[in-house]
Amino acid sequence: MQPRLHLRARLQHRRRHRTQRRAGGRALLLALFALAGLAGCGGGGDAPAGEAAASGAVEYTPTLACDVTNESLGAHQLPATLPAGLTWLTNDRDPEFADPKAQRGGTYRTFMTGFPATLRLVGPDSNGGFAGMLRPNQLATTTRHPNTLEHIPVLATHWAFGADGRSVYYRLDPKARWSDGKPSTADDYLFAIRQLRSEAIVDPWYNDYYTNVIVDVFKYDAHTIGVLGVAARPADEMLDEYGLRPVACHAHKLDKEWTKAWNWLVEPVSGPYQISRIEKGKFVEFRRIADWWGNDHRYLRHRFNPDTVRVSLVRDPEAAFQFFLKGEIDSFGLTLPHFWAKATGEP
């Protein structure tokens, strides 16, 4: 590839990567994180989580053996032992931004204009609008504080930067658990990079990005990993560009049938909500995980308060706005001028 074309490809990768991160972040704020102060938004009487499987609408993944290792990922560029003299950083000084008085309970009702073609987060048809509801429930190592914009810990408790300017090391939170109760460990990050590089997911963009931009991931122990990027970057940018979301290693079998088999399977999540009920062509329902590991986390507590989130299919935004005015939808984004005019009476 010529140097100019190579640079153009890298810029395209960066734009798409940032767009997906920002889209996921916006959806997280609008659809889930904004629920920090909401409770009892809608009526009760929703089906208990235990009845979801009985309806035949949801199928959860089985528990498999996790066989991923450092060696199975091929050649490595990160050091085989954790570098000495790393300065471990964290952020426990920024203010909490959720109201401790927020009450938990009720149903939050929102809408989508198209029903998802799959529940997968990678592969064919996986980048539709509904993915913005799924990705936020797969947490990352760090995220940005919404007010200070500083990085704050999520699945990682600490991070450190290598002397080469392109490697970042993470200490993972040993309290982190998947929604099926299994612990989240370094193996899940090894599996994530293996999955994203695999031809089984039929997603060339992810294959390329996680091979040629994130060039190595290495496990040092059950709760310490290293991530190596293709180029040196400022430390603050490395946490954005070279961050990683784990994938539940024990739930996946990568083979040529993976995309088909996983169209409607519900995989374990590290976030607060798990899909509990689906009526295809009508709605998808999320149920809050009662014993979620993040309930007492400094930057996660007092948030995600509704017990249930129901996302109903309303193809016409005009119709959705009328449902909102009638109180059948709990929020409506005034992103278009004519909706703002209708809601406020201002031109």
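Numbers given to residues run from 1 along each chain, matching the order in which its sequence is written. Whole-chain, interface and lining totals are the exception, using all residues; otherwise, since this is a predicted model, local features are given only for residues with pLDDT of at least 70 and side-chain atom pairs are given and counted only at 80 or more. As a rule here, side-chain values come from all non-hydrogen atoms in the structure, and water together with hydrogens is ignored.

**Student:** Which residues make up the state of the cysteines, and what values go with them?
**Tutor:** Here, two cysteine sulfur atoms that lie within 2.5 Å of each other are counted as a disulfide. Across all of its chains, the model carries one disulfide by this definition. Disulfide pairing is shown between Cys66 and Cys249; the S-S distance is 1.9 Å. On the sign convention where negative means left-handed, the S-S torsion of about 95 degrees between Cys66 and Cys249 marks this disulfide as right-handed. Taken as a pair, Cys66 in the loop between strand E1 (59-60) and strand E2 (107-112) and Cys249 in the loop between helix H6 (235-241) and helix H7 (258-261) lie far apart in primary sequence, 183 residues in all. Under the DSSP-based scheme used, a helix requires at least four consecutive residues in state H or I and a strand at least two consecutive residues in state E, with every element numbered from the N terminus.

**Student:** Please provide a residue-by-residue account of helix H4 (residues 186-197), values included.
**Tutor:** Helices are assigned an expected span. That span is 1.5 Å times one less than the residue count. With twelve residues, H4 extends 17 Å from end C-alpha to end C-alpha; this agrees with the ideal 16 Å at 1.5 Å per step. Between buried and exposed lies partly exposed: a residue is buried under 20% and exposed over 50% of the maximum accessible area for its type, with that area taken using a 1.4 Å probe on protein chains only. If you check which residues of H4 are buried, you get Ala186, Asp187, Asp188, Tyr189, Leu190, Phe191, Ala192, Ile193, Gln195 and Leu196. By definition, residues are in contact when any of their heavy atoms lie within 4.5 Å. Each element contacted by the buried residues of H4 is listed here: strand E6 (167-172), helix H5 (204-212), strand E7 (214-221), strand E8 (224-229) and H7.

**Student:** Describe the sheet that holds strand E11 (residues 283-288), naming the residues involved and giving the relevant values.
**Tutor:** Two strands are said to pair when DSSP picks up at least two bridges between them. The four strands are arranged E2-E12-E11-E10 in an open sheet whose pairing can be described as mixed. In this open sheet, the two edge strands, each paired with only one partner strand, are E2 and strand E10 (273-279). Neighbouring strand axes in the sheet, compared pairwise and without regard to direction, differ in orientation by 20 degrees on average. Inspection of the sheet shows E11 paired to strand E12 (residues 308-313) by five bridges, in the antiparallel sense. Within the sheet, the bridge partner assigned to Glu285 lies in E12 and is Arg310. Where helices are involved, their axes are fitted lines through C-alpha atoms of the stretch in contact, as for all axes, and angles between N-to-C directions lie from 0 to 180°.

**Student:** If you had to explain the sheet that holds E7 to someone new, which residues and values would you point to?
**Tutor:** Here four strands make up an open sheet; going across it, the order is E5-E6-E8-E7 and the pairing antiparallel. Where the open sheet ends on each side, the last strands, each with one partner, are strand E5 (156-161) and E7. When the angles between neighbouring strand axes are averaged without regard to direction, this sheet yields 20 degrees. Sheet strands touched by H4: E6, E7 and E8. Its angle to E7, the strand with the most contacts, is close to 160 degrees.

**Student:** Kindly report on the packing of aromatic side chains, identifying the contributing residues and their values.
**Tutor:** Ring pairs (aromatic) are described by centroid distance and by the angle formed between their planes. Pairing of aromatic rings covers Phe, Tyr and the six-membered ring of Trp, with a centre-to-centre limit of 6.5 Å; geometry is then stacked below 30 degrees between planes, edge-to-face above 60, and tilted otherwise. Within this structure, the stated rule accounts for 17 aromatic pairs. Ring centres of Tyr209 and Tyr210 lie 5.2 Å apart, and the angle between their planes is 65 degrees; on these two criteria the pair is classed as edge-to-face. When its relative accessible area of 8% is taken as the criterion, Tyr210 is described as buried. Ring geometry for Phe332 versus Phe339: centroids 4.9 Å apart, planes at 70 degrees, classification edge-to-face. The rings of Phe111, Phe321, Phe324, Phe332 and Phe339 are connected pair by pair, giving a single aromatic cluster. Geometry around Phe283 places Arg310 over its ring, the cationic atom sitting 3.9 Å from the centre. In this scheme, Lys NZ or Arg CZ marks a charge over a ring once it lies within 6 Å of the ring centre and within 35 degrees of the ring normal.

**Student:** Could you give me a rundown of the pairing of E7, with the residues and numbers involved?
**Tutor:** Counting buried residues in E7 gives six out of eight residues, a clear majority hidden from the surface. From the end of E7 to the start of E8, which pair antiparallel, there are two residues.

**Student:** Give me the lowdown on the pattern of salt bridges, citing residues and values where you can.
**Tutor:** Any two side chains of opposite charge can pair, given that their charged atoms come close. By convention in these notes, a salt bridge is any Lys or Arg side-chain nitrogen within 4 Å of a carboxyl oxygen on Asp or Glu. Counted according to the given criterion, the structure contains ten salt bridges. In this structure, Arg144 engages Asp236 in a salt bridge whose closest nitrogen and oxygen atoms are separated by 3.1 Å. Linking Arg144 in strand E3 (residues 142-144) with Asp236 in helix H6, this pair joins segments that are 92 residues apart in sequence. Measuring nitrogen to oxygen at the nearest pair gives 2.6 Å for the salt bridge that ties Arg144 to Asp240. Taken together, the residues Arg144 in strand E3 and Asp240 in helix H6 connect sequence positions 96 residues apart. Assessed through its relative accessible area of 18%, Asp240 is described here as buried.

Geometric values such as these leave the question of function open.
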